[in-house]
Protein chains: 2
Amino acid sequence: MFSKTCEYAIRAMIFIAQQPDSKKTSIKEIVNGIDCPVHFIAKILQGLGKKGLVQSLKGPNGGFFLDKKSLRCSLANIVRAVDGDKLFSGCGLGLKECSETHPCPIHHQFKKVRNDVLVMLNKAKLGEFAGQLGKNQTYLKGVDFLFIKDKK
Amino acid sequence: MFSKTCEYAIRAMIFIAQQPDSKKTSIKEIVNGIDCPVHFIAKILQGLGKKGLVQSLKGPNGGFFLDKKSLRCSLANIVRAVDGDKLFSGCGLGLKECSETHPCPIHHQFKKVRNDVLVMLNKAKLGEFAGQLGKNQTYLKGVDFLFIKDKK
DNA sequence: AAAATAAAAGACTTATTTCTCTTTTATTTT
DNA sequence: AAAATAAAAGAGAAATAAGTCTTTTATTTT
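Residues numbered from 1 in each chain as written. Chains lettered and ligands numbered in written order. Predicted model: local features only at pLDDT ≥ 70, side-chain atom pairs only at ≥ 80, totals over all residues.

1. Considerations on the overall build of chain A
For clarity, the cut-off: Helix and strand definitions here come from DSSP, where helices need a minimum of 4 consecutive H or I residues and strands a minimum of 2 consecutive E residues; each element is numbered from the N-terminal end. Partly exposed residues are those falling between the two cut-offs: more than 12 but fewer than 20 other C-beta atoms within 10 Å of their own, whereas 20 or more means buried and 12 or fewer means exposed, with C-beta atoms placed from the backbone. C-beta atoms are first placed from the backbone for all residues, and any pair lying within 7 Å is then listed as a contact.
Summing up its helical and strand segments, chain A has 8 helices and 2 strands in all. N-terminal to C-terminal, the α/β element order of chain A is α-α-α-β-β-α-α-α-α-α. With the C-alpha coordinates of chain A rotated into their principal frame, the extents come out at 55 × 40 × 30 Å. Residues classed as buried in chain A amount to 36% of the 152 residues present. Contacts in chain A between residues far apart in sequence, at least 24 positions, make up 68% of those at least 6 positions apart.

Listed below in structure tokens is the structure:
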């Protein structure tokens, strides 16, 4: 559904949103929190920073954080910033030209579920994930013992 | 949503299904009908053939066709054969371990839309696309003049 | 039987995505 | 001011996906 880059982006953004009182979060903490490649997530967040979806500060006590506006940002915004809007408006069968007047065989059905995805991601605002960290309700990485096994 | 391979696979299978009276269809005709790379679609159909989703015969008047069972095959079957079932059962955020007891932050919402996609693709049986070719209702490739422009 | 046709098979190339490494720049602490 | 910290920047390697090319095998027509 999403590219790996996009999956990491969403997980990192939710992780940053979950930090208590918009504390600045370093790449290290993010890597530890969501289990992802260090340099890769750095570059991804750099890109999101350029687009204004996340804020950052260099130096000691620096890191990534979300301002008021970014907290109102939805997962759909992140997906669009990373993967473009192909998922939300592209043809399911990859036709460049697919529309009401030139529909592919699954155009109408696909349009519906495609829109359901968009609605779902539009509803999910970063601010709503705030503070749920540590309450053990949801997870941003697999369970640790499985990881060790996999990586060995 | 789907890999390019999977998009071609679905388009080719629908094209074969649309042929009048389960006529055997050659790679050439398929390439012409859905506008795709010759050798690539040959390999894709070869793979689907091995899994029994499409039938084929070599030699003059040979080609690809669908038997009774294959006509009852759904698009979901094709997607599963080509892309695996990651789309239908995988975590939206790419977690290896994501379940009711260890959910990612969008597990429940994602599960719903993921299932909507599955239901939609399960409903779409190849047999139902039969005979709609040439009636100008749906299309399996872009409009021709756009193609020429793109390819130039 | 020979020629022609069309899929099967497999090696190979190209493009894209994913991920890594090194250096630079900004900021803070000592 | 110097040292330490952490993101920015950019080049490049590795892995995977997408697409190409050539040869082989099966079948049919002549």
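2. Remarks on the protein's contact with DNA strand D
What counts here: Contact assignment follows one rule, namely that a residue is near a molecule or strand if its backbone-placed C-beta atom lies within 6 Å of it.
Taken together, the neighbourhood of DNA strand D is formed by 27 residues, with Ser26 of chain A together with Lys4, Pro37, His39 and Gly59 of chain B sitting nearest. Looking at the surface near DNA strand D, the elements with two or more residues in it are α3 (38–50) and β2 (63–65) of chain A together with α1 (4–18) and α3 (38–50) of chain B. Considering every element that reaches the surface near DNA strand D, the biggest residue donor is α3 of chain A, with 6 residues.

3. Regarding the relation of the copies chain A and chain B
How we decide: Residues reaching a pLDDT of at least 70 in both copies supply the C-alpha atoms on which the copies are superposed by least squares.
For these two chains of identical sequence, chain A goes onto chain B by a turn of 180° and a shift of 0.0 Å along the axis, with RMSD 0.1 Å. Accordingly, the operation relating the two chain copies is best matched by a two-fold axis. Taking the C-alpha atom as reference, chain A places Met1 of chain A closest to the rotation axis, 2.3 Å from it. Looking at the interface residues of chain A, 100% of them are also at the interface in chain B, so both copies use one shared face.

4. Notes on the packing of helix α5 (residues 75–83) of chain B against helix α7 (residues 107–123) of chain B
Residue and element names in this part refer to chain B. The condition that has to hold: Where helices are involved, their axes are fitted lines through C-alpha atoms of the stretch in contact, as for all axes, and angles between N-to-C directions lie from 0 to 180°. For this classification, under 35 degrees means roughly parallel, over 145 means roughly antiparallel, 65 to 115 means roughly perpendicular, and everything else is oblique. Note on residue categories: nonpolar means Ala, Val, Leu, Ile, Met, Phe, Trp, Tyr, Cys or Pro, charged means Asp, Glu, Lys or Arg, and polar means any other residue, Gly included.
Relative to each other, α5 and α7 sit at 115°, their axes nearing to 6 Å. Here α7 runs roughly perpendicular to α5, going by the angle between their axes. Contact with α5, carried on its side by Leu75, Ala76 and Val79, involves Leu118, Leu121 and Asn122 of α7 and no other residues of that element. Within the contact of α5 with α7, the residues separate by chemical class into 5 nonpolar, 1 polar and no charged.

5. A word on the protein's contact with DNA strand C
Taken together, 27 residues surround DNA strand C, and among them Lys4, Pro37, His39 and Gly59 of chain A together with Ser26 of chain B come closest. Residue assignment for the surface near DNA strand C shows that the elements contributing at least two residues are α1 (4–18) and α3 of chain A together with α3 and β2 (63–65) of chain B. Of the residues forming the surface near DNA strand C, the biggest block, 6 residues, is contributed by α3 of chain B. A class-by-class count of the residues in the surface near DNA strand C yields 9 nonpolar, 13 polar and 5 charged.

6. Some thoughts on α7 of chain B
Condition: Here the expected length of a helix is defined as 1.5 Å per residue gap, with one fewer gap than residues. Each C-beta atom gives one direction from the helix axis, and the arc is the one those directions make.
Its 17 residues give α7 of chain B an end-to-end C-alpha distance of 24 Å, which sits within 8% of 24 Å, the value for a rise of 1.5 Å per residue. The complete set of buried residues in α7 of chain B reads Phe110, Val113, Val117 and Leu121 of chain B. One side of α7 of chain B holds all its buried residues, which, seen down the axis, span an arc of 80°. Those residues of α7 of chain B that are exposed and aimed more than 90 degrees away from the buried face are His108 and Lys112 of chain B. For α7 of chain B, the elements touching its buried residues are α7 (107–123) of chain A together with α5 and α6 (86–89) of chain B.

7. Section: the environment of Met13 of chain A
Residue and element names in this part refer to chain A. Along the chain, Met13 turns up in helix α1. On a C-alpha basis, the gap between Met13 and Leu66 in space is 8.6 Å, while along the polypeptide they are 53 residues apart. Beyond its immediate sequence surroundings of up to four residues, Met13 is in contact with Val54, Ile78 and Leu126.

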